[in-house]
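What the coordinates show
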Amino acid sequence: MEQVNGDTLAAARKVIALHINYPSRAAQRGRTPAQPSYFLKPSSSLSLSGSPVERPAGCELLGYEGEIALVIGKAARRIGIADAWSHVAFVTASNDLGVYDLRYADKGSNLRSKGGDGFTPLGPALIPADAVDPAGLRIRTWHNGELVQDDSTEELLFPFARLVADLSQLLTLEEGDIILTGTPAGASVAEPGDVLEVEVSAIGSNGSDDGLTTGRLVTRVEEGTTPFADFGAGPKIDDLQREEAYGSRAAAGLPAVDSAEAGTADGPALSPELKAKLESVATATLSSQLRKRGLNNVSIDGLQATRPDRRVVGLARTLRYVPNREDLFKTHGGGFNAQKRAIDSVNEGEVLVMEARGEKGTGTVGDILALRAQVRGAAAIITDGGVRDYSAVAGLEMPTYFANPHPAVLGRRHIPWDTDITIACGGATVQPGDIIVADSDGILVIPPAIAEELVEDCIRQEKEEAFIFEMVQQGNSVDGLYPMNPEWQARYKEWEAGQAND
């Protein structure tokens, strides 16, 4: 088998790298792109198997990412997906190395953080592209002998042929150019003295390697000794970069942060205290207080619940379906589509809200995907469309709010199109991060900016209504009591003081 050598590196005029492509990495990052996005690495970053890589002096976070590299065999310009794979000559292993310490200075280009000498090792062997199924490749990475990445190309967000065709729309891919196709979950940080290995192999019909392999691409990490000069950006890191580099806060040795507390720069979006208060007040009371603030169009209407006994409070994630068009369903309906991406990235306590245009003639979620959402900790699924496998979905602990049962699959009426955008569901506008409150009385969408003030007023209102209820029980007329006139307000304050002293 042909080996990666100096001629291979010299032939690469461009090195193009993809951001996110593996579902496991998308779930880890908590974001799933609708379209591929790329960055360039200089050809001077290429190196051979066995070559050392330097962690620059003063840097802490040298990240590694095992990847499958495509080597272009013939020029490609404005080609289609069907023809794209024929323009790939070889497949090999790569390691997309970079220092997170310099990301802040790149403004998204990744030039300084991922463009260093030796930051793109390739090899050792080249697998002929026409000898493999691009959807049947395995990528593995070892860190000091421990297997840390192991995934396949079966369910990529963006299959390899799509990447080649997409890139060719704007630029000419030339013979020898390299495309790095993304990394699965498990990428982390290497220290000086560590050994990194990456291998790509073809998967046989029985699920095991079929003998076609690149062999292990070996890279040894060394400590740099030359400090950065003071006329350019120097290394700088924070806990966010540590979390991104290691893959999680726990792996980086950082204390856990409750996702509900993450919120915004202005404060928590749904702290445990706020969530508990919202759970304590009636949906009708929330609706009343929303109306007092001029918000009359914040209820998701016309749906039924699989678990009407449950009360749900959580932050919204969103998914939009568009009307089916056969040509578009072929490009957006299959594989790891927007529906699957939304399900596979919903987090603990979140509510997945689906816009299905009130279309009742097909299902928008079935038992397997609903179960996946439950396993990921979703608080509920809300769709203004149909539900397939109704009995199984209704048997789950997680509530699902839906228009009606229907056995048909998506392709009859819908294309899953986009996630985490502003949508319409059941007559209400829903944005990602809105607070959803749902129970047997209905479903409300609460703007997070007013939630704290709103729930305090709800608690106050319910206390007043408890007093009014008690007075009516004692035989008092509602005239002047509901709402309370000044006389009754004075008596209420006496009652409230007595309640406080009990």
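Our structure's up above, just so we're on the same page.
Notes on the structure follow. Here the structure is a predicted model, which means the values were calculated and not measured. (Residues numbered from 1 in each chain as written. Predicted model: local features only at pLDDT ≥ 70, side-chain atom pairs only at ≥ 80, totals over all residues. Heavy atoms only, no water.)

Remarks on the sheet that holds strand β8 (residues 98–99)
Strand pairing within a sheet occurs via backbone hydrogen bonds; the two strands may be parallel or antiparallel. An order of β8-β5-β14 is seen for the 3 strands of this open sheet, with the pairing classed as antiparallel. The strands lining the two open edges of the sheet, one partner per strand, are β8 and β14 (188–190). Relative to β8, strand β5 (residues 62–64) runs antiparallel, the two being bridged by 2 bridges. Residue glycine 63 lies in a different strand from β8, and its bridge partner there is glycine 98. (Pairing = 2+ DSSP bridges. Helix = DSSP H or I, 4+ residues; strand = E, 2+ residues; numbered from the N terminus.)

Some thoughts on the side chain of serine 271
Along the chain, the position of serine 271 falls in the loop between α6 (239–246) and α7 (272–280). Only 3.1 Å separates the side chain of serine 271 from the backbone nitrogen of leucine 274, close enough to count as a polar contact. (Polar contact = N/O pair within 3.5 Å; in protein donor to acceptor, adjacent residues only side chain to side chain.)

As for the packing of α7 against helix α13 (residues 451–473)
At their nearest, the axes of α7 and α13 sit 10 Å apart, and the two run at 40° to each other. Judged on the interaxial angle alone, α13 and α7 are oblique. For the pair α7 and α13, the sense of crossing is left-handed. Residues Leu274, Lys277, Leu278 and Ser280 of α7 pack against Ala451, Glu452, Val455, Glu456, Ile459 and Glu462 of α13. Looking at the contact of α7 with α13 residue by residue, the classes come out as 5 nonpolar, 1 polar and 4 charged. (Axes fitted to C-alpha atoms, helices over the stretch in contact; angles between N-to-C directions. Parallel < 35°, antiparallel > 145°, perpendicular 65-115°, else oblique. Left-handed = near helix turned anticlockwise from the far one by under 90°. Contact = heavy atoms within 4.5 Å. Nonpolar A, V, L, I, M, F, W, Y, C, P; charged D, E, K, R; others polar.)

Describing the environment of leucine 147
One can find leucine 147 in strand β12 (residues 146–152). Assessed through its relative accessible area of 41%, leucine 147 is described here as partly exposed. C-alpha separation for the pair leucine 147 and valine 198, spaced 51 residues apart in sequence, amounts to 9.6 Å. (Buried < 20%, exposed > 50% of the residue type's maximum accessible area, 1.4 Å probe, protein only.)

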